[in-house]
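So you can see what is in the structure, the chains are spelled out below.
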Amino acid sequence: MGGSAETADGGDPAGGALLVVGDVVTDVVARHRGPLAAGTDTVAAIRTVPGGAGANVACWAVHDGCADVRLLGRVGGDSAAWHERELAASGVRPLLVTDPETPTGTVICLVDTGASAERTFLTDSGASLRLAPGDWSPALLDGVARLHLSGYLFFSEPSRALVSVVLESTRARGVPVSVDPASAGFLTELGVDRFLDLCSGVDVLLPSRDEACLLTGLPDPADAAAKLSRHFPLVVAKLGSDGALVARSGSVRAHVPALPATPRDTTGAGDAFTGAFLAALLAGAGSEEAATAGCAAGAKAVERVGGRPPTESRRRREGETRVH
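First, a word on what this report is: a plain description of the structure on this page. (Residues numbered from 1 in each chain as written. Predicted model: local features only at pLDDT ≥ 70, side-chain atom pairs only at ≥ 80, totals over all residues. Heavy atoms only, no water.)

Thoughts on the side chain of Asp271
Rule in force here: Only DSSP runs of H or I with at least four residues qualify as helices, and only runs of E with at least two residues qualify as strands; both kinds are numbered from the N terminus onward. Between buried and exposed lies partly exposed: a residue is buried under 20% and exposed over 50% of the maximum accessible area for its type, with that area taken using a 1.4 Å probe on protein chains only. Neither His nor the chain ends contribute to the count of charged residues, in which Lys and Arg are positive and Asp and Glu negative. For salt bridges, the criterion is a side-chain nitrogen of Lys or Arg within 4 Å of an Asp or Glu carboxyl oxygen.
The topology assignment puts Asp271 in helix 8 (residues 269–282). Despite its burial, Asp271 pairs with no opposite charge, the nearest such side chain being Lys238 at 5.6 Å.

Written as structure tokens, this is what we have:
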């Protein structure tokens, strides 16, 4: 499983690039208060922002200090230039394949502006799920110290084939790989055993509470993280406002608390955690220290609208209209 050396407490030696392979989509975020009114209007504040779990992870990794972050993704010609500009503005090196037939994926994020800022996604993955082995070259690993796969790649045939090719390349180079399972709903459709099979050779698994429990059939996230860590060298279960669990070799080694936050939009909070966690590992941090960085990024993310950290251009554009 993976091949890079680690520091004594589980971190990577400092240095090297992070390559993220994953989805780039357009998010339409609709923030409303209370239940949707069926058959009529519901007042909402609506914004269109760049998103995608893979792209968000890459942006947060840069935000948390990783100097060289690259993103391989697939977009439609309808918005390729915009997505490339937004990624570059966040400090990510975009390696985007333009799909000639299918538009960029779109996700409608319905965010209840109540206390939890809970969100519901309507997802059209579009071009992102057409990322395929032909879009990969082992040369993409040149200078790369760690590779991250967005779990959304596991939910279509072309991108599953890509995952197999990527894992073969990383094994040959000794590059460690992390995976975020991404979606409990899609995991259920794919099948737990199939997902775990496809993840053979992955070094770090970063599931949410629901994903960890689904992957193990266990109701308690600590038990689930412990069980998963018998299959993966490192498991970090993201528990939202309950922080994170770090598990190795069949047992939970640490429970990292969340930071206090006033949530506005929980979209991308898990991606923020993952990006900051990986940036910290690449800087030489141990797994518990990296999880602490992840919790800090997650707290920042929930206080923002959209799934990415601020850039200078985005700061100038912001001043979101609040729901009345």
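Structural notes on the sheet that holds strand 8 (residues 144–150)
Strand pairing in a sheet relies on backbone hydrogen bonds. The paired strands run either parallel or antiparallel. Spelled out, the test is: Strands are labelled as partners when DSSP assigns at least two bridges between them.
Reading across from one edge, 5-4-1-8-9-10-11-12-13 is the order of the nine strands in this open sheet, with mixed pairing throughout. The open sheet has two edge strands with one neighbour each: strand 5 (93–99) and strand 13 (251–256).

What to know about empty space enclosed by the protein
Put simply, the test is: Any residue with an atom within 4 Å of a point lines the site, the site being either a cavity, points on a 1 Å grid over the protein atoms alone where a 1.4 Å probe fits but cannot get out, or a pocket, an open set with protein on both sides within 12 Å along at least 5 of 7 lines. Grid points are joined across faces, edges and corners, and a volume is the space filled by probe spheres set on the points. As a working rule, the residues Ala, Val, Leu, Ile, Met, Phe, Trp, Tyr, Cys and Pro are called nonpolar, Asp, Glu, Lys and Arg charged, and the rest polar, with Gly in that last group.
Counting across every chain of the model gives two cavities of 30 Å³ or more. Roughly 30 Å³ of volume is contained in the second largest cavity. Forming the boundary of the second largest cavity are Ala53, Gly54, Val57, His148, Ser150, Gly151, Asp180, Ala182 and Asp271. For the lining of the second largest cavity, the secondary-structure elements that each account for two or more residues are helix 1 (53–63) and strand 8. At three residues, the largest contribution of residues to the lining of the second largest cavity is made by helix 1. Classifying every residue of the lining of the second largest cavity gives three nonpolar, four polar and two charged.

Quick notes on the layout of surface pockets
One number sums up the size of the largest pocket: a volume of about 1,300 Å³. Taken together, 48 residues form the lining of the largest pocket, with Arg119, Ser208, Thr266, Ala269 and Gly270 sitting closest to its centre. At the level of secondary structure, the elements contributing two or more residues to the lining of the largest pocket comprise strand 2 (25–32), helix 1, strand 6 (104–112), strand 7 (119–126), helix 4 (184–190), helix 6 (209–216), helix 8 and helix 9 (287–302). Class assignment of the residues belonging to the lining of the largest pocket gives a composition of 20 nonpolar, 18 polar and 10 charged.

Notes on the packing of aromatic side chains
Pairs of aromatic rings are described using the distance from one ring centre to the other and the angle between the two planes. Quick reminder of the rule: Within 6.5 Å between ring centres, the rings of Phe, Tyr and Trp (the latter by its six-membered ring) count as paired, and their orientation is classed by plane angle as stacked under 30 degrees, edge-to-face over 60, tilted in between.
Under the criterion given, the structure shown has five aromatic pairs. When the centroid spacing of 6.1 Å and the interplanar angle of 85° are considered together, the rings of Tyr152 and Phe155 count as edge-to-face. On the basis of relative accessibility, which here comes to 15%, the residue Tyr152 falls in the buried class.

Thoughts on the sheet that holds strand 7
What counts here: A fitted line through C-alpha atoms serves as each axis, taken over the contacting stretch for helices, and the angle formed by two N-to-C directions is quoted from 0 to 180°. Should any heavy atoms of two residues lie within 4.5 Å, those residues are considered in contact.
Taken together, the four strands give an open sheet; going across it, the order is 3-2-6-7, and neighbouring strands pair in mixed fashion. Unpaired on one side and paired on the other, strand 3 (44–51) and strand 7 mark the two borders of the sheet. Sheet twist, expressed as the mean angle between neighbouring strand axes with direction ignored, is 15°. Pairing of strand 2 with strand 6, which is carried by eight bridges, proceeds in the parallel orientation. The residue bridging Ala30 from the neighbouring strand is Leu110, located in strand 6. Contacts between helix 2 (residues 80–89) and the sheet are confined to strand 2, strand 3 and strand 6, with strand 3 contributing the most and set at about 80° to the helix.

Describing the nonpolar core
Note the following rule: Nonpolar core, defined: a set of buried Ala, Val, Leu, Ile, Met, Phe, Trp, Tyr and Cys residues in which side-chain atoms within 4.5 Å join the residues together.
Among the nonpolar cores identified, the biggest contains 41 residues, and Val21, Trp136, Leu147, Leu149 and Phe195 are the most heavily contacted of them. Of the residues forming this core, the biggest block, four residues, is contributed by helix 3 (residues 157–173). For Leu147, the contacting residues outside a window of four places in its chain are Leu19, Val21, Trp136, Leu141, Val166, Thr170, Val175, Pro176, Val177 and Ser178.

A look at unusual backbone geometry
Located in the positive-phi region is Ala182, a residue other than glycine, with phi close to 85°. Considering the arrangement of structural elements, one finds Ala182 in the loop between strand 9 (177–180) and helix 4. The backbone phi angle of Ser249 is positive, close to 50°, even though this residue is not glycine. Tracing the chain through its elements places Ser249 in the loop between strand 12 (244–248) and strand 13.

Here's the deal with helix 3
Note: α-helices contain 3.6 residues per turn, so residues at a spacing of three or four share the same orientation. Our working rule: Multiplying 1.5 Å by the residue count of a helix minus one yields the expected span of that helix.
End to end, helix 3 covers 25 Å across 17 residues, agreeing with the expected 24 Å (1.5 Å per residue, within 8%). Buried residues in helix 3 make contact with strand 1 (17–21), strand 8, strand 9, helix 4 and helix 5 (192–198).

Comments concerning the packing of helix 6 against helix 7 (residues 221–228)
The following threshold applies: Throughout this description, any angle smaller than 35 degrees is read as roughly parallel, any larger than 145 degrees as roughly antiparallel, any in the 65 to 115 degree range as roughly perpendicular, and the remainder as oblique. For a crossing to be left-handed, the near helix must be turned anticlockwise from the far one by less than a right angle; the clockwise case is right-handed.
Orientation of helix 6 relative to helix 7, taken along the N-to-C sense of each, is 60°, at an axis distance of 9 Å. With respect to helix 7, the element helix 6 is oriented oblique. You can see that helix 6 and helix 7 cross each other, and the crossing is left-handed. For the pair formed by helix 6 and helix 7, the contact residues are Arg209, Ala212, Cys213, Leu215 and Thr216 on the first element and Pro221, Ala224, Lys227 and Leu228 on the second.

Quick look at the pattern of salt bridges
The final tally for this structure, using the stated rule, is 10 salt bridges. The closest approach of N and O atoms between Asp99 and Arg74, which form a salt bridge, is 2.8 Å. Taken together, the positions of Asp99 in strand 5 and Arg74 in strand 4 (residues 69–76) put the pair 25 residues apart, joining distant regions of the chain. The residues Asp99 and Arg74 share a single accessibility class, namely buried. Between Arg130 and Glu101 there is a salt bridge, with its nearest N and O atoms 3.3 Å apart. One end of the pair, Arg130, is in the loop between strand 7 and strand 8; the other, Glu101, is in the loop between strand 5 and strand 6, with 29 residues separating them in the sequence. The exposed category is assigned to Glu101, whose relative accessible area is 64%. The network of salt bridges with common partners includes Arg74, Asp99, Glu101, Arg130 and Asp135.

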